[in-house]
Amino acid sequence: MSCFTLPDTPEPLTLTDRPSGEDFSPLPHGLTLGDAVAVRAFQVQPGDLVVAMFSDGTGLHPTEHVPGPYPADPHTVSDCPCNGCEECDDLDSWTSAGHGRVADTGWRFACLAPAEDDEPCVIVLRNRPMAVIPAAVVAAAEAAEPPERMYGVTWSVDFDASSPEEAARLAHEQLKSYATDSLPPVLEVRGQGGRTTVIDLSNGEQTTIEPSPTYTRDQVRQAASAALARLHEFVDLGDELQSLGVGALLSLLDDPHSSYPYTGDEEEGR
Ligand SMILES: [Zn+2]
Ligand SMILES: [Zn+2]
C-alpha cells in the first residue's frame, strides 16, 4: 500500500496492493506499484501504463485496480478514433439527454485508450485521479529485461509396454495426470549453446549439464596427423601407415556410440 497526494489538493490518495486473483494480470516487465505515480486523467501521457483509478468523489479514495493494465493513448472524446463503441454510445446518450451537456462533455471527460478488440474506450472524468507508471519508466524496464530465447523442453520416462503405441498411450496418461497430481514432473530444458538444465519442479532443484565438446572432422584429422607425425619421429611408420592411422581413427569416431563425437563432415565424401 502506498500514499499519494496531488499538487492541487491536500487530500491523500491511497493505492492498495494489487489483487493477485487470476482476473488481475501481473504488471509487465517486472514493474511494481512502487513505480506508479498519481496524476489526474487529463495529465496522463501517451505510453503511460494505467494501473489503477482512485474514486473521483471526496473521502477515502479507495483504489479501483485495472485488471489488465494498458498503455495510455489519450485523446479528447470528440476525436475518438473508435467509430462508436458502447462507452462512446453511452456518453452520446448522456450528452443528448440534457441541453446543457453538449458543451460540457468535452471538458468533463477524456478517453484514455480507444476501443480495441472487444474492449470499449476507457472514458473517465478528466479530473479523476489515476495511478500510472510513467512511459519512460515502462520503457526503461522493458529495455532492461533479458531478451527472450527459444528453449527446448524434454520430458522423459521409461515405460514397460508391449508396443511403441502402448508406451505412447501410457506416456499420454501420465502427462494428463500432471494436471491433478500434486507432484510436478522433472523436465530437461535445453537452452542456447546446448546447455541443458534439469529442473525438478516439485522441489525447485536445478542441475546444469554443460554440453560435451564436439570436434569437426578437420580438427580430428589435424590432431591425429600431428600425433602420428610425432610417433613417426621415433618409429618409421611410412606415409601409407600414417594415413591409414588417421583413417582408422576417423572411422572409430564415426561410431555413433563413440564418446568422442565430432561434427561437420557433411560436405566431405568418404
Ligand atoms: Zn469509443
Ligand atoms: Zn475513445
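A. Summary view of the overall build of the chain. Helix and strand content of the chain: 6 helices and 15 strands. Residues counted as buried form 14% of the 270 residues belonging to the chain. In the chain, of all internal contacts separated by at least 6 residues, the share reaching a separation of at least 24 is 59%.

B. Spotlight on the sheet that holds strand 7 (residues 109-111). The antiparallel open sheet is built from 3 strands, whose spatial order is 6-7-8. The open sheet has two edge strands with one neighbour each: strand 6 (75-76) and strand 8 (123-125). Of the pairings in the sheet, the one linking strand 6 to strand 7 comprises 2 bridges and is antiparallel in character. If you follow His75 over to strand 7, its bridge partner there is Cys111.

C. A look at the sheet that holds strand 12 (residues 196-200). Ordered in space as 10-11-12-13, the 4 strands form an open sheet in which the pairing is antiparallel. Strands with a single pairing partner mark the edges of an open sheet, and in this sheet they are strand 10 (152-154) and strand 13 (205-209). Here the strands of the sheet are splayed against their neighbours by 20° on average, with no regard to which way each runs. Examined bridge by bridge, strand 10 and strand 11 (residues 186-190) share 3 bridges and lie antiparallel to one another.

D. Structural view of the nonpolar core. With 30 residues, the main nonpolar core has Val50, Val51, Leu112, Ile123, Val124, Ala131 and Val132 as its most contacted residues. Tallying contributions element by element places strand 4 (residues 49-54) first for this core, with 6 residues.

E. A look at the pairing of strand 3 (residues 37-40). Only one face of strand 3 is buried, namely the one carrying Ala38 and Arg40, since none of Val37 and Val39 on the opposite face is buried. Where strand 3 and strand 9 (residues 129-133) come together, 4 bridges link them in antiparallel fashion. Residue Arg40 lies in a different strand from strand 9, and its bridge partner there is Pro129.

F. Spatial organisation of the pairing of strand 11. Pairing between strand 11 and strand 12: 5 bridges, direction antiparallel. Paired with Arg190 across the strands is Thr196, a residue of strand 12. Joining the antiparallel neighbours strand 11 and strand 12 is a turn of 5 residues, in which Gly193 adopts a positive phi near 80°.

G. Inspection of unusual backbone geometry at higher detail. At Asn83, a position not held by glycine, the phi torsion is positive, near 60°. Examined against the element boundaries, Asn83 turns out to sit in the loop between strand 6 and helix 1 (86-96). The exposure class of Asn83 is exposed, given the 8 C-beta atoms found within 10 Å. With a phi close to 50°, Asp117 is a non-glycine residue in the positive phi region. Judged by the 4 C-beta atoms lying within 10 Å of it, Asp117 falls in the exposed class.

H. Inspection of the environment of Ser55 at higher detail. Of note, Ser55 is situated in the loop between strand 4 and strand 5 (63-71). Accessibility expressed as a C-beta count within 10 Å gives 14 for Ser55, which makes it partly exposed. Taking the C-alpha atoms as reference, Ser55 lies 7.3 Å from Arg128; in sequence the two are 73 residues apart.

I. Seen up close, the environment of Gly152. With respect to the element layout, Gly152 can be found in strand 10. Residue classification places Gly152 among the exposed positions, given that 9 C-beta atoms sit within 10 Å. When the C-alpha positions of Gly152 and Glu188 are compared, they lie 8.1 Å apart, and in sequence the two are 36 residues distant.

J. Layout of the environment of Val189. Topologically, Val189 is positioned in strand 11. On the basis of neighbour counts, which here come to 15 C-beta atoms within 10 Å, the residue Val189 falls in the partly exposed class. Val189 sits 35 residues away from Thr154 along the chain, and the two C-alpha atoms are 6.4 Å apart. Setting aside chain neighbours within four positions, we find Val189 in contact with Tyr151, Val153, Thr196, Thr197 and Ile199.

What counts and what doesn't
- Residues numbered from 1 in each chain as written.
- Chains lettered and ligands numbered in written order.
- Predicted model: local features only at pLDDT ≥ 70, side-chain atom pairs only at ≥ 80, totals over all residues.
- Helix = DSSP H or I, 4+ residues; strand = E, 2+ residues; numbered from the N terminus.
- Buried ≥ 20, exposed ≤ 12 C-beta atoms within 10 Å, placed from the backbone.
- Contact = placed C-beta atoms within 7 Å.
- Pairing = 2+ DSSP bridges.
- Axes fitted to C-alpha atoms, helices over the stretch in contact; angles between N-to-C directions.
- Core = buried A, V, L, I, M, F, W, Y, C linked by C-beta atoms within 7 Å.

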